[in-house]
Every structure is written in C-alpha cells, then in structure tokens.
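Residue-level listing of the chains:
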Amino acid sequence: MTRPSKRERAAHGRSRNATSFRCLHCGLDISMSAVGTSHRNHCPHCLWSRHLDTTPGDRAADCGARMEPLAITVRGDGEWVIIHRCTGCGVLHANRTAGDDNALPLTRLAVRPLAQPPFPFERLAGL
C-alpha cells in the first residue's frame with residue numbers, strides 16, 4: 001500500500017462537491033456557499049482560513065495549514081479584503097470578505113493598527 005501524498009492528506013475529508021467544511025480554528029461547520037463570493041475561503045465567524053488555493057478556487061496548494069487573519073485592506077471600490085498569512089509556509093493571500101462575515105472580528109482587524117500602534121502615541125505630542 002502506498003502512502004498518500006501531502007496533497008491527498010490535505011484534501012482528506014473535503015471534495016469539490018462538498019457543501020460545508022469544518023473550521024480548523026474554531027471548529028464550527030461552515031457552508032461553502034457565501035454571499036458576495038463564489039469561493040468560500042475562510043470561516044465567517046473567526047475569519048481563519050486554510051491554505052488550499054494557489055489562485056482563488058483552484059485548490060492547488062499542497063500546504064493545507066491554517067491561515068491567520070492579519071489585517072484588512074480596502075480596494076478602490078470600497079470592498080474590504082482580509083490579508084491571511086499561512087502558519088505553515090508563511091505565504092500571504094488577500095481574500096475577499098463575504099456578506100455573512102461577522103462584523104466584530106472584521107472591525108477588530110480593521111482597528112488593530114490604532115489599538116496596537118507600532119510606536120507610542122506619546123511621541124506624537126512632541127512633534
């Protein structure tokens with residue numbers, strides 16, 4: 001018997017015809033359908049993802065590790081995009097938000113630079 005490849009092990013438990021997946025971070029069952037996107041790629045509750053794609057929807061990545069939501073960026077048309085970093089290989093991905101994403105963790109990511117600035121605010125008073 002041959003050992004399954006890394007890609008086959010990462011694909012265990014999911015298929016192209018799956019209707020849901022289990023979040024690797026919070027453990028909730030998540031529907032694959034999402035308002036505003038055709039490729040659900042993160043949990044709408046905790047915003048964590050899994051490194052499955054090289055390009056959106058291709059499921060070609062071999063890594064399969066969890067992807068941490070790092071920040072929010074906003075496109076020119078006003079669309080919010082989540083920046084994820086893979087905890088396994090370190091790759092960064094920009095993922096569109098979905099209509100059913102929880103507003104609280106999205107807002108926490110958006111204000112994180114203000115809540116945890118890279119320098120002390122007291123220095124601004126001296127300028």
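In case you missed it, the structure is sitting above this.
Just so it is clear, the structure is predicted and the values come from calculations on it, not from any experiment. (Residues numbered from 1 in each chain as written. Predicted model: local features only at pLDDT ≥ 70, side-chain atom pairs only at ≥ 80, totals over all residues. Heavy atoms only, no water.)

**Describing helix α2 (residues 103–115)**
Next, step 1: Under the 1.5 Å per step criterion, the end-to-end length of α2 is 17 Å for 13 residues, consistent within 8% with the ideal 18 Å.
Next, step 2: The axis of α2 is deflected most strongly, by about 35°, at leucine 109, and proline proline 113 appears within four residues downstream.
Next, step 3: Pro105, Leu106 and Leu109 are the residues of α2 that are buried.
Next, step 4: Tucked inside the fold, the buried residues of α2 contact β4 (66–74) and β5 (80–86).
Next, step 5: For α2, the capping residue at the N-terminal end is asparagine 102, with a side-chain oxygen 2.9 Å from the backbone nitrogen of leucine 104. (Helix = DSSP H or I, 4+ residues; strand = E, 2+ residues; numbered from the N terminus. Expected span 1.5 Å × (residues − 1). Bend = angle between axes of the 7 residues up to and from the residue. Buried < 20%, exposed > 50% of the residue type's maximum accessible area, 1.4 Å probe, protein only. Contact = heavy atoms within 4.5 Å. Polar contact = N/O pair within 3.5 Å; in protein donor to acceptor, adjacent residues only side chain to side chain.)

**Description of the pattern of salt bridges**
Next, step 1: All chains considered together, the criterion is met by five salt bridges.
Next, step 2: Put simply, aspartate 53 and arginine 59 hold a salt bridge, and the shortest N to O gap is 2.7 Å. Per residue, the accessibility class of aspartate 53 equals that of arginine 59, and both read buried.
Next, step 3: Across the pair arginine 96 and glutamate 79 runs a salt bridge, and its minimum N-O distance is 2.6 Å. Separated by 17 residues along the polypeptide, arginine 96 in strand β6 (residues 92–96) and glutamate 79 in the loop between β4 and β5 bring together distant segments of the chain. (Salt bridge = Lys/Arg side-chain N within 4 Å of Asp/Glu carboxyl O.)

**Let's talk about the sheet that holds β5**
Next, step 1: On the basis of which strands lie adjacent, the open sheet formed by four strands has the order β3-β4-β5-β6 and antiparallel pairing. The sheet is open, and its two borders are formed by β3 (49–50) and β6, each paired with just one other strand.
Next, step 2: In this structure, β5 lies alongside β6, joined through five bridges in antiparallel fashion. Each bridged residue has a counterpart across the sheet, and for valine 81 the counterpart in β6 is arginine 96. (Pairing = 2+ DSSP bridges.)

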